[in-house]
2 protein chains.
Amino acid sequence: MIVGFVGLGAMGRPMAENVAAAGHALRVWGRRPASTAALADAGATVCATPREMASACDVVVSVVTNGEDVKAVALGDDGILAGLPAGAIHVDLSTIAPGIARELSAVYAQQGAEFLDAPVSGGSTGARAGTLAIMVGGDEDAFERARPVLEAMGKTIRRIGPSGAGQVAKACNQMIFVTAVQACAEALHLAEASGVDVARVRQALLGGSAWSRALDVWGDKMVTRDFSPGVESRLHHKDFRILMNEAMSTGVPLPIAAQVWQQLNAMMGSGFGRDDTSSLLRVLEQSRNTP
Amino acid sequence: MIVGFVGLGAMGRPMAENVAAAGHALRVWGRRPASTAALADAGATVCATPREMASACDVVVSVVTNGEDVKAVALGDDGILAGLPAGAIHVDLSTIAPGIARELSAVYAQQGAEFLDAPVSGGSTGARAGTLAIMVGGDEDAFERARPVLEAMGKTIRRIGPSGAGQVAKACNQMIFVTAVQACAEALHLAEASGVDVARVRQALLGGSAWSRALDVWGDKMVTRDFSPGVESRLHHKDFRILMNEAMSTGVPLPIAAQVWQQLNAMMGSGFGRDDTSSLLRVLEQSRNTP
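For every chain, the first residue of the written sequence is number 1, and numbering continues from 1 onward in sequence order. Written order determines the labels here, with chains lettered from A and ligands numbered from 1. Selection of residues for local features in this predicted model requires a pLDDT of at least 70, selection of side-chain atom pairs for listing and counting requires 80 or more, and totals for whole chains, interfaces and linings are taken over all residues. Hydrogens are left out, water is left out, and the side-chain values use all remaining heavy atoms of the structure.

Participant: A description of the relation of the copies chain A and chain B should follow, citing residues and the corresponding values.
Facilitator: The transformation that overlays chain A on chain B combines an axial shift of 0.0 Å with a rotation of 180 degrees, and the residual RMSD is 0.0 Å. Interpreted geometrically, this transformation is the action of a two-fold axis. Across chain A, the smallest distance between a C-alpha and the rotation axis is recorded for Ser212(A), namely 1.9 Å. When the interface residues of chain A are mapped onto chain B, 100% of them again lie at the interface, so the same face is used by both copies. Least-squares superposition aligns the copies on the C-alpha atoms of those residues with pLDDT at or above 70 in both. Between two residues, a contact is recorded if the distance between any of their heavy atoms is within 4.5 Å.

Spelled out as structure tokens, the structure:
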């Protein structure tokens, strides 16, 4: 297939490379020429606008930071939708509000095009390895047609439901995951304050009901005090804004998500926004170390 | 070895059977004759008091509900310590406050006996299968001598540190685990309120960073609305009292643990104390359903 790609950052670049490696022809667009250079060298067609890029594509993939970014590349005279051939599909892998995904899906449908929300979990490691979990919302037929492209990037690929459902699942994912990181931070901080070896505690807990990917990977970063980012924590902070807005609009109280959100706020305010989310441990330590 | 066993409930009974199956001779004591009958039929020696039971043992195991229960069987004229031969070991598998474990360890040491805190994780399923995680605090030599008995009951057996360290690890385990159950409840409740299929959300999230034993097992109970207990939630409520007391005595703030504690309080107040902890979902649903 001919696949367009917008957003060639830490996540998008390796994903695009995996799509090319699976035998698809790449068309790329980037605001900064530097972002497309490596892919151009590998044979991708570099385009002047999202519209030009989309005009020859079966599937266009976007991986950007937030809902406004997606709208900026999707809509307008030079946007993806203006160029997309009838029946072609824009798959957005960014993490954005479910409402924006539904809004874009409706606009696309009016013009005979398809918009799928397909946020991912697995970080840059999963992006490089092609092992991402991809949670898809939108038309079932469009999902099946886009599947070969998704399979080049991820391992667990599931359609959750209609438009927006992928983003709801992603919000749930971030809620569960970041809460688990915060729980590890609190537990290991308590163990340390109790004079108990935190590495041994983590190791023992991996054998029981407390087992989680967060304890395994992010707990290890806390124990070894390696706060270099897998995913920068400011992105999880952003994801929680989406989550809490969704809680407000559905009228659902989320008591611990709200508390985790405040810890993420404290993390941002403490200057840890570009570090790993395991820095939630350092937020707890600060309040203890303050005289 | 000759092994004494006190506390033959849903956890203790299968654990005692596994110890017997591993070739150790069992001596048992129970407040209610009914609790010892099945083991007596299988060849265990039934004793009149904890003291009598302990008097011929290399290792005594207790699996009771709380710290007061442990003290009641350990101390006093008819208690385990009064009977325990020099060099023998009392291994307490109950979940109690680290401070009580340290206190008992000190009293035992004064009389030339050993007390190990060795709380477990894995529930009645793990107890039956002999696959419990066992977190041990106390003297290293005593731990090594008691190890064959522990290996008959568990799979992941680790000494965490000195007396009390096993209980600190268990408090951390419960904190991380119950928080993960609450996070699943909030996420699935939000998904449902957003009109998204909760079974598909859970399935998709098992592929990514949100993976946890809680989402796998307790998330499934929420999706299928099976609130029958693995472990009754009132026991987790009790464990959080230990956890929050430990936070107070060490001066460590535990923001989300405190919030989860309040949800457990609400769960108890809602009459779900004998149900599974996945009932945390029903606590959220109540506040949404109240007009």
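What follows continues from the structure just given.
Participant: Can you explain the pattern of salt bridges? Please cite residues and give values.
Facilitator: All names here are of chain A. We define a salt bridge as a contact between a side-chain nitrogen of Lys or Arg and a carboxyl oxygen of Asp or Glu at a distance within 4 Å. As enumerated under the stated definition, the model contains 24 salt bridges over all chains in all. Between Glu-103 and Lys-71 there is a salt bridge, and its shortest N-O distance comes to 3.1 Å. In this pair, Glu-103 is assigned in helix H6 (residues 98-110) and Lys-71 in helix H4 (residues 67-74), connecting sequence segments 32 residues apart. By relative accessible area, which is 39% here, Glu-103 ends up partly exposed. Put simply, Asp-239 and Lys-238 hold a salt bridge, and the shortest N to O gap is 3.5 Å. No difference in accessibility class separates Asp-239 from Lys-238, as the two residues are buried. Several salt bridges share partner residues, and in doing so they unite Glu-144, Arg-147 and Glu-151 into one network. Helix numbering and strand numbering both begin at the N terminus, where a helix is a DSSP run of H or I of at least 4 residues and a strand a DSSP run of E of at least 2. A 1.4 Å probe rolled over the protein chains alone gives each residue an accessible area, and that area as a share of the maximum for its type sets the label: buried under 20%, exposed over 50%, partly exposed in between.

Participant: An account of helix H8 (residues 140-151) of chain A is needed here, citing residue identities and associated values.
Facilitator: All names here are of chain A. To estimate the expected span of a helix, count its residues, drop one, and scale the result by 1.5 Å. Taking 1.5 Å as the rise per residue, H8 with 12 residues should run 16 Å; its terminal C-alpha atoms sit 16 Å apart, in good agreement. Within H8, the full set of buried residues consists of Ala-142, Phe-143, Ala-146, Val-149 and Leu-150. Summarising the axial view, the buried residues of H8 lie within an arc of 105 degrees, below the 170-degree limit, and thus occupy one face. Here a polar contact means two N or O atoms within 3.5 Å. Within protein one must be a hydrogen donor candidate and the other an acceptor candidate, and residues neighboring in sequence count only if both atoms are side-chain atoms. Backbone nitrogen of Asp-141 and a side-chain oxygen of the N-cap are separated by 3.2 Å at the start of H8; the cap is Asp-139. To obtain the arc, one takes the directions from the helix axis to the C-beta atoms.

Participant: Tell me about the domain arrangement of chain A, residues and numbers included.
Facilitator: In many reports, interface size means the accessible area that the parts give up when they come together. Residue and element names in this part refer to chain A. What marks off one domain from the next here is an automatic or database domain assignment. The domains assigned to chain A are domain 1 (2-162) and domain 2 (168-289). For domain 1 and domain 2, the distance between their C-alpha centroids amounts to 29 Å. Contacts between the two partners involve 14 residues from domain 1, matched on the other side by 11 residues from domain 2. Of all residues in domain 1, the largest losses of buried area upon contact with domain 2 belong to Thr-95, Pro-98 and Met-135, amounting jointly to 45% of the total for that side. Here domain 1 and domain 2 share 0 salt bridges between them. Applying the counting rule to domain 1 against domain 2 returns 5 residue pairs in polar contact (both at pLDDT 80 or more). For the side of domain 1 that touches domain 2, the elements supplying multiple residues, two or more each, are H6, strand S7 (120-121) and helix H7 (123-129). Its residues assigned to classes, the side of domain 1 that touches domain 2 comprises 7 nonpolar, 6 polar and 1 charged. Summed over both partners, the accessible area lost on bringing two parts together, with a 1.4 Å probe, is the buried area. We call Asp, Glu, Lys and Arg charged. Ala, Val, Leu, Ile, Met, Phe, Trp, Tyr, Cys and Pro are nonpolar, and the rest, Gly among them, are polar.

Participant: Describe the pairing of strand S1 (residues 2-6) of chain B, and please don't skip the residues or the numbers.
Facilitator: All names here are of chain B. Extensive coverage of S1 is indicated by the burial of 4 of its 5 residues. Whether two strands pair depends on DSSP finding at least two bridges between them. Two strands pair when backbone bridges link them, and S1 and strand S2 (residues 25-29) are joined in this way by 5 bridges, in the parallel orientation. What sits directly across from Val-6, in S2, is Trp-29. Every crossover in which the path from the first strand over the helix to the second runs clockwise, viewed with the strands pointing away from the viewer, is termed right-handed. Between the parallel pair S1 and S2, the chain is carried across by helix H1 (residues 12-21), and the sense of this crossover is right-handed. Relative to strand S4 (residues 59-62), S1 runs parallel, the two sharing 4 bridges.

Participant: Can you tell me about the interface of chain A and chain B, naming the residues and giving the values?
Facilitator: Facing 64 residues of chain A, the contacting portion of chain B comprises 64 residues. Here chain A packs against chain B, burying approximately 5200 Å² in sum over the two surfaces, 70% of which is carbon and sulfur. Joining chain A to chain B, the criterion identifies 0 salt bridges. Our enumeration of links across chain A and chain B arrives at 14 residue pairs in polar contact (both at pLDDT 80 or more). Put simply, the parts of the chain that give the side of chain A that touches chain B at least two residues each are strand S8 (132-137), strand S9 (154-161), helix H9 (165-193), helix H10 (198-205), helix H11 (213-223), helix H12 (233-250), helix H13 (255-269) and helix H14 (280-289) of chain A.

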